Amino acid sequence: MEKKENALLLSTDTLPNYWLDLIFSIAKSAWFDGIDLAMRKWFDARDEEYVQSLSLKHELPVYIIQTSAKLNQKELDKALDLCQATNAETLCINAPKLTDFKAYWFITDNLKSYKDNNPDIHFSIINPKNSKLFALPIPEFRFSNIIDIVKKHDSYIWLDICNVDIDSFENEFTRKIYDYVPYISVIYLSDKTKDWKTHLLPWEWTLELESFLKELKKSWYSRPISIKLDFKPSELANKEKLKKQLKKVKTYYDKFFTNVELDDEDENFKNAWDNKKDK
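Residues numbered from 1 in each chain as written. Predicted model: local features only at pLDDT ≥ 70, side-chain atom pairs only at ≥ 80, totals over all residues. Heavy atoms only, no water.

Chemist: Sorry, what's going on with the side chain of aspartate 21 here?
Modeler: Within the secondary structure, aspartate 21 sits in helix H1 (residues 20–29). Judged by relative accessible area, which is 19%, aspartate 21 ranks as buried. Engagement of the side chain of aspartate 21 in a polar contact is seen with the side chain of lysine 57, the distance being 2.8 Å. Residue contacts for aspartate 21: discarding those within four places in its chain leaves Tyr50, Leu54, Lys57 and His58. (Helix = DSSP H or I, 4+ residues; strand = E, 2+ residues; numbered from the N terminus. Buried < 20%, exposed > 50% of the residue type's maximum accessible area, 1.4 Å probe, protein only. Polar contact = N/O pair within 3.5 Å; in protein donor to acceptor, adjacent residues only side chain to side chain. Contact = heavy atoms within 4.5 Å.)

Chemist: I keep staring at the pairing of strand E1 (residues 8–11) and nothing clicks. Help me out?
Modeler: Within a regular strand, side chains alternate between the sheet's two faces. Burial along E1 is two-sided: Leu8 and Leu10 facing one way and Leu9 and Ser11 facing the other are all buried. Across three bridges, the pairing between E1 and strand E8 (residues 225–227) is parallel. The residue of E8 that forms the bridge with leucine 10 is isoleucine 227. In the sheet, E1 pairs with strand E2 (residues 34–38) via three bridges, with the strands oriented parallel. Looking across to E2, one finds that leucine 10 is bridged to isoleucine 35. In this fold, the crossover linking E1 to E2 by way of H1 has right-handed handedness. (Pairing = 2+ DSSP bridges. Right-handed = clockwise from strand over helix to strand, strands pointing away.)

Chemist: Explain the sheet that holds E1 here, please?
Modeler: Across a sheet, strands are paired by hydrogen bonds formed along the backbone, either parallel or antiparallel in direction. One closed barrel accounts for eight strands, arranged E1-E2-E3-E4-E5-E6-E7-E8; its pairing is parallel. Neighbour-to-neighbour, the strand axes of the sheet open up by a mean angle of 25°, direction not taken into account. Across the sheet, helix H4 (residues 101–117) touches strand E4 (90–94) and strand E5 (122–126), and the angle it forms with E5 is around 155°. (Axes fitted to C-alpha atoms, helices over the stretch in contact; angles between N-to-C directions.)

Chemist: Got a minute to help me understand the packing of helix H8 (residues 209–218) against helix H10 (residues 239–258) in this structure?
Modeler: Axes are the key here: two packed helices are described by the angle between their axes and the distance separating the axes. Running from N to C, H8 and H10 cross one another at 50°; their axes reach a closest spacing of 8 Å. When the axis of H8 is compared with that of H10, the two are oblique. The residues of H10 that touch H8, namely those facing Leu209, Glu210, Leu213, Lys214, Leu216 and Lys217, are Tyr252, Phe256, Phe257 and Thr258. Of the residues in the contact of H8 with H10, the class split is six nonpolar, one polar and three charged. (Parallel < 35°, antiparallel > 145°, perpendicular 65-115°, else oblique. Nonpolar A, V, L, I, M, F, W, Y, C, P; charged D, E, K, R; others polar.)

Chemist: What should I look at first to understand the nonpolar core in this one?
Modeler: Within soluble globular proteins, side chains that are nonpolar generally end up buried alongside one another. Judged by nonpolar contacts, the single largest core of 77 residues is most densely connected at Leu159 and Leu216. In contact with leucine 216, not counting residues within four places along its chain, are Ile177, Val181, Ile187, Tyr221, Ile225 and Phe257. Counting residues in hydrophobic clusters, the runner-up holds nine residues, among them Tyr63, Cys92, Ile126 and Val186. (Core = buried A, V, L, I, M, F, W, Y, C linked by side-chain atoms within 4.5 Å.)

Chemist: Explain the confidence of the model for the protein chain here, please?
Modeler: Caution applies to low-pLDDT regions: their predicted coordinates should not be interpreted in detail. Looking at the protein chain as a whole, the pLDDT averages 88, with 90% of positions reaching at least 70. Of all the helices and strands in the protein chain, helix H12 (residues 270–276) carries the lowest mean pLDDT, 50, while E1 carries the highest, 98. (pLDDT = per-residue confidence, 0-100.)

Chemist: Teacher, can you tell me more about the pattern of salt bridges here?
Modeler: Pairing of side chains with opposite charge becomes possible as their charged atoms draw close. Summed over all chains, the structure comprises eight salt bridges. With a closest N to O distance of 2.8 Å, lysine 57 and aspartate 21 form a salt bridge. In this pair, lysine 57 is assigned in helix H2 (residues 48–58) and aspartate 21 in helix H1, connecting sequence segments 36 residues apart. Between aspartate 154 and lysine 115 there is a salt bridge, with the nearest N and O atoms lying 3.5 Å from each other. Separated by 39 residues along the polypeptide, aspartate 154 in the loop between helix H5 (146–151) and strand E6 (156–160) and lysine 115 in helix H4 bring together distant segments of the chain. Judged by its relative accessible area of 42%, aspartate 154 is partly exposed. (Salt bridge = Lys/Arg side-chain N within 4 Å of Asp/Glu carboxyl O.)

Chemist: Even after reading the chapter, I still don't get the packing of H1 against H10, so can you show me in this structure?
Modeler: Contact geometry of H1 with H10 gives a least axis separation of 9 Å together with a crossing angle of 50°. In terms of their interaxial angle, H1 and H10 are classed as oblique. Crossing hand, H1 versus H10: right-handed. Residues Leu22, Ile26 and Ser29 of H1 touch H10, and the partners they reach there are Lys239, Lys243, Leu246 and Lys247. (Left-handed = near helix turned anticlockwise from the far one by under 90°.)

In structure tokens:
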């Protein structure tokens, strides 16, 4: 099944308590390009043959397999089995809690060998809540320094922009996005409030997402963008209204990213991007 650059994915985390077949169906009817599969929350998401059958049934590829924050060898091996069965190119790890030494040391002690043995997989770590670019905050989770994720742990960043503090996002990250693009495997696109209510519809609150998407396009970002949203239970109960909202997200994405035209100056970045994009 052919996969495209800049694919817009629906994270299964957006639809908790929906069965997996219905999630694939809604993603397809809302014009999404593929699935970001969080295997930790769905028992049937760990069944390679079943997931593969859903992908074929709905003609919707699985781009990403996502693990829990309590990662261990059994879970990581299962995630790799799912990557192989679905041809998913990205394996994403949620950052463990600061006090979870077991998961942290498993990642730091074993990530390199897993990468060496699986060179076609983009091993990625999601930046956790209240992440910084350089200076370490008082962390609640491990891997809260985005630069360290790349340099110290030699991992791709799965960038959840809701988890970056607003000043860093708008004053540092967006202005320098070209420098970070080669190290990003996936981006969670959603909005948040100033008091950290996160994963809201992209046009609702505080983040300058339209400018961010345009700068991202100019920087020749070519990997997936995933939509993870926290809908209210009443919204989840209305399937047709939910699909309309997701279609609006797809239209928003196309307007501010897919259909943005690059000028000659932007085109000149392409050769530099081609040289940088593979770490």
